[in-house]
Every structure is written in C-alpha cells, then in structure tokens.
Amino acid sequence: MTKFIINGGKKLKGDVAIDGAKNSAVALIPAAILADSPVVLEGVPDIDDVHALKEILELMGVKVTFENNEMTIDPRGMVSMPMPSGKINSLRASYYFMGALLGKFGEAVVGLPGGCYLGPRPIDLHIKGFEALGATVSNEHGAMYLRTENGDLEGTRIYMDMVSIGATINVMLAAVKAKGKTVIENAAREPEIIDVATLLNNMGANIKGAGTNEIRIEGVEKLSGCRHAMIPDRIEAGTYLALAAAVGDGVHVTNVIHEHLESFLSKLEEMGVNMDVREDSIFVHPVDKLKPVNIKTYPYPGFATDLQQPITPLLLKAEGESVIEDTIYQQRVNHIPELARMGGRCHVEGNMIISDGQSVLKGAEVAATDLRAGACLVIAGLMAEGTTTVTNVEHILRGYDSIVDKLTALGADIRMDDEN
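Residues numbered from 1 in each chain as written. Predicted model: local features only at pLDDT ≥ 70, side-chain atom pairs only at ≥ 80, totals over all residues. Heavy atoms only, no water.

- The name recorded for the protein in an unreviewed UniProt entry is UDP-N-acetylglucosamine 1-carboxyvinyltransferase, from Vagococcus lutrae LBD1.
- Listed under Subcellular location (unreviewed entry) in UniProt, the entry text for the protein is "Cytoplasm".
- The annotation that UniProt attaches to the protein under Function (unreviewed entry) is "Cell wall formation. Adds enolpyruvyl to UDP-N-acetylglucosamine." (UniProt positions renumbered as here; feature names shortened; annotations may be inferred.)

See below:
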C-alpha cells in the first residue's frame, strides 16, 4: 500500500510550476495515432494515466519515447488489434481509442473504460455519434465492437443531447478522416477540446469552431506528424491555488492560463483571497479571513466539477456556511466523510455539500476514493494539526505530476511511503 504521510500546520511559500493538462494528454495521445508519421507532444505530465496510455500504444505496435515531459509517438508500425482488457480498463479516458481507432482503421475493439468511480458516466453519446457517422456499435464480452462498411465513415450533423467533453472529443477523432462534412452541435467548449483540435489541425485536419458550441469538420484523407505543445493543467493550477489560499504564506503559481480559471478565480476573490493575476502566473497573498460562498458546478466556462473537491477544505476555514452543488457528478461526495473524520464540520444533504466553516482539522488516517478527492485530502492534511495519513494515493498519482516534490519545495512536510 502506497500512502502519503503529512505533518500539517506548516505555512507554504515559494514558486510552483503547473504541468501540461492531464485532460488534454489523455486525449492527445490517442489522437496522435491518426497520423502516418511521428507526433511529438511537449509538456506531457509524468503521471500514471500517461504511462498506462503509453503501454497501450506499445501493445498495438506504436513506438513511444517519453523523456523530460516530451513524448514522441510513431504510429507507422501500428496494427489494428482488439484491446479488450488489461490497461485499457484502468482509466476512463481509454474510450478515446474508440474514436481514434475508428477514424484510422474503420474498426475497433476496445474494453470498457475504468478510472475513478463518480457515479454513472454513460458513453451513450459517444455511441450515438459513432452510429451517426455510419459505424455499428455493439457491446460483446465486456468490450465495445465498432465496425464500418468498407472502413468508411460519412460526415453528418450530430446533436449532443448533453454537453459532454468526452463525447465531443471522441466524435471529433472519428470524424476528421470521414468523407464529407461533420457538424457537432451543442459541443462542449473546454480548453482541452481546443487543444485537441489544434493538434489535429497541425496534423492536417480541417476543424473550425472548437471552443464554441458548434464544431465543423471537413474530412481529410491524410494526417501527418507534427510537434505540439499542450496547454497547462487548469485543474492542477486550481488545486495549488486553493492550497495557497489555505496554508500559503505567499505562493506563486506559474505556467497558468488564467482565462481557463475565471469562474474558479471569481469564487476565490468572493471568499476574500487576494491574488495578483499576471499574464502566465498568479501570486496568492497570505489569507487572514475567508468568507463563505455558494458554488454550483457547470460545464465550461462554469465552475469545474474537478475543482469542487480541492476547494472544499478552503470552505472549512470560512466564517460561516458554504454550499456546493455539483450538477455534473452528484455522487462526487466521498471526500466529505473523510474530512469529517479529520474534524471537518461538513455533511451531505440531498445533492448538496454543506460546510459549516470554522473547522479545526486534526490529523487522521483517511482514504483517497478518487483523484480529486485525494487532492482535497492532501490540502486538508497540510491544514491539519498533527499527522495525516492518506491511503489509496494511486488515485492522486494518476493526475498530479511530482506532487510530493512540488509540495516539499514549498516547505510542506510530506513523504510517500510504499509499504511494498
């Protein structure tokens, strides 16, 4: 069992640099196989999800090198083969291989995805999009089988019944080599979608409207390799900003695109957090008092569901009651019993998280039930008096590159203990 041991109560100070976006990386890496020559991705975070994707590519005959946050993907030796189990089941974003393989080979066999359990996250919108493009989709023996007539997809107009970043990207991957024009209506608008579209356009695709609710794709016959620098991780940035507000004595968060965090920054400002927002960095001043706020998560550009857990420990310090309502994943509440174990005055009421504020946290043994819940507990452990042990940190390592080193450099007393 791998765990974090945190001795809390220390003020953190200094600079911390944000890595490339996890939610971009897990889509950009499958997207790269659509090229017929090597693709170089810069700024790739060194996290477990990326290593899992690398192993999946290598099983399919793709040559992959990964050093110093730069990944080279050479798909020239790639073969179409079933990927029904193993690593493909370990992360949610494995579903991007459905769209990428369908676009490249006109067929795919992909195991059902895993990742953090946050309640039902159906892939029916993905399937609807693939079927609209002319594919047949069936669930056989725990895997998704995607097939086309003669390997060809036909461009069409697709309306997304719900805003879904995963379905938007997956359909985009399948449609870039389809015959004719594809229009995705009610598309998600996240920065990661723009990042994927930028890579594909650099490879030779013809995609317009990424970042709006209507994406237009003219199919092309060929995609070539290129070099692409991915965007910084807005969720990692938000996590360190929340941490800086909770226990910081002047923390400078660098490599940030603040426009990607506007809804999050507005809530920090509403709470009384004083920040210097610069072109590519944010300095968080020491905080004395925090005001309570109400938060409701929405698709981008609304408050990100991935940031409701990292901001929760901050609400425990506020002078009054705060309320969080997650409209994206209503079951994203498993961090609340763990915070209560540490003395956090918070509870779940219906589909809302209620924080009474002014909690004095004490060190305890707590478990990370998913990636962002783990980040929440690390922040809580840094705030708490005494020693906190966080177990199940494999979830955290899926999404935060060098988190122990980064926190230690800021002055935190944290170490990773591997009992194996």
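Some remarks on unusual backbone geometry
- Of the consecutive residues Tyr300 and Pro301, the connecting peptide bond is found in the cis state with omega at 15°.
- As for its position among the elements, Pro301 is in the loop between strand S17 (294–297) and helix H9 (308–315).
- The backbone phi angle of Asn68 is positive, close to 50°, even though this residue is not glycine.
- Residue Asn68 is classed as exposed on the basis of its relative accessible area of 75%.
- Of note in this structure, Asn69 is not a glycine but carries a positive phi near 65°. (Helix = DSSP H or I, 4+ residues; strand = E, 2+ residues; numbered from the N terminus. Buried < 20%, exposed > 50% of the residue type's maximum accessible area, 1.4 Å probe, protein only.)

A look at the packing of aromatic side chains
- The final tally for this structure, using the stated rule, is 2 aromatic pairs.
- When the centroid spacing of 4.9 Å and the interplanar angle of 85° are considered together, the rings of Tyr95 and Tyr96 count as edge-to-face. Pair check on accessibility: Tyr95 and Tyr96 agree, each one buried.
- Consider the rings of Phe264 and Phe303, whose centres lie 5.7 Å apart with planes at 45°: the pair is tilted. In this pair, Phe264 sits in helix H8 (residues 262–271) while Phe303 sits in the loop between S17 and H9, placing the two residues 39 residues apart along the sequence.
- Over the aromatic face of Phe105 sits the side chain of Lys104, whose NZ or CZ is 5.8 Å from the ring centroid. (Phe/Tyr/Trp six-rings, centres within 6.5 Å; stacked < 30°, edge-to-face > 60°. Lys NZ or Arg CZ within 6 Å of the ring centre and 35° of its normal.)

What about the sheet that holds strand S8 (residues 143–147)?
- Pairing is antiparallel across the open sheet formed by 3 strands, whose spatial order is S6-S8-S7. Bordering the open sheet on either side are strand S6 (107–111) and strand S7 (136–140), each of which pairs with just one other strand. Pairwise comparison of adjacent strand axes, ignoring direction, gives a mean angle of 15° for this sheet.
- Two strands pair when backbone bridges link them, and S7 and S8 are joined in this way by 5 bridges, in the antiparallel orientation. Bridged to Asn139 within S8 is Met144.
- Here helix H3 (residues 96–105) sits on the sheet in contact with S6 and S8, set at roughly 160° to S6. (Pairing = 2+ DSSP bridges. Axes fitted to C-alpha atoms, helices over the stretch in contact; angles between N-to-C directions. Contact = heavy atoms within 4.5 Å.)

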